[in-house]
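Results of the structural survey
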Amino acid sequence: SYPTTAGGHHMMELDYFENHLRSLLSIPGVDKIVFIDDTFNVPPRRFKKLLKMFMKYDFEWFSFLRSQYVDDEQVQMMKDSGCQGVFLGVESANDKVLKNMNKRATRAQFIKGGNLLSKYDIPKMVAFVLGFPGETEQTLEDNKTFLLEINAEFYTLKEFYYMHNTSVHEKRETFKLTGNGNNWEHATMNSITATAHKHRMFLEIEDTIHVDPDISLWHWIYLYDHGYSLSQVQNIQRETNNIIK
């Protein structure tokens, strides 16, 4: 629904958005914004209008992004309007697992979007969920090669968490899924094995930098806001990971 004026006339959503954007940027010291809507670029037509709006102002921004929906024009506009980085909730780079997740996206679409972001030098943080029904050691290898294919700067790993009030529970018999929360098992993997694979991937992946999933994008933005460049953030996190390893 759209907000209304006292006279009962509808204000356009984008005008409402711009009023708030202008208000935020009028606050002394505010020159960076994080958009936390996890479908920020959907629908694409609205997203392009937002990007045109951003170009009227001088600020930097980060956001969550559905990379399967971006095109060349959008990504160029993202760069030109001040985008400094995006969080990609890919969750899996294997088509079978994506289908089981009902993600309505494919590996090829994710690769296309990721490569467009690389083309315009927009850094990416890729998030994976490990162990969803259908997951195997081979599907996890697809995640590793995906990071290389899109030249991702950062990645996070988190195990599947089984909740009985989600749609996957309705398919528990199909997946032979049992358990609850962090303790689960299905036809192709269990929670203990998923954790072991997470540790293995952390040790093996070298070209992309791991960030703890509970701080993920916020860690990067916090350091950037305090004056650290992308390369400095990468070096800090790389050395942190070496200590952990």
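It should be noted that the structure appears before, not after, this text.
Read on for an overview of the structure. These numbers come from a predicted model, not from an experiment.

Formed by 56 residues in total, the largest nonpolar core has its most connected members in F54, F59, W61, M78, V126, F128 and F146. With five residues, the single largest contributor to this core is helix α2 (residues 44-54). Those residues in contact with F146 that sit more than four places away from it in its chain are V90, A93, R107, F110, I111, V126 and F128. One finds F87, L217, W220 and I221 within the second-largest nonpolar core, a separate group that totals 14 residues.

Below, the discussion takes up the layout of surface pockets. Estimated volume of the largest pocket: approximately 710 Å³. Around the largest pocket, the lining comprises 27 residues; the ones closest to its centre are G89, E91, M101, K103 and V129. Put simply, the parts of the chain that give the lining of the largest pocket at least two residues each are β2 (60-65), β3 (83-91), α4 (95-101), β4 (124-130), β5 (154-159) and α7 (167-170). Its residues assigned to classes, the lining of the largest pocket shows 13 nonpolar, seven polar and seven charged.

Cut-off values and rules
- Residues numbered from 1 in each chain as written.
- Predicted model: local features only at pLDDT ≥ 70, side-chain atom pairs only at ≥ 80, totals over all residues.
- Heavy atoms only, no water.
- Core = buried A, V, L, I, M, F, W, Y, C linked by side-chain atoms within 4.5 Å.
- Buried < 20%, exposed > 50% of the residue type's maximum accessible area, 1.4 Å probe, protein only.
- Helix = DSSP H or I, 4+ residues; strand = E, 2+ residues; numbered from the N terminus.
- Contact = heavy atoms within 4.5 Å.
- 1 Å grid on protein atoms, 1.4 Å probe; cavity = no way out; pocket = protein on both sides within 12 Å on 5 of 7 lines; lining within 4 Å.
- Points joined across faces, edges and corners; volume = space filled by probe spheres on them.
- Nonpolar A, V, L, I, M, F, W, Y, C, P; charged D, E, K, R; others polar.

These results come straight from atomic positions and should not be treated as a statement about function.
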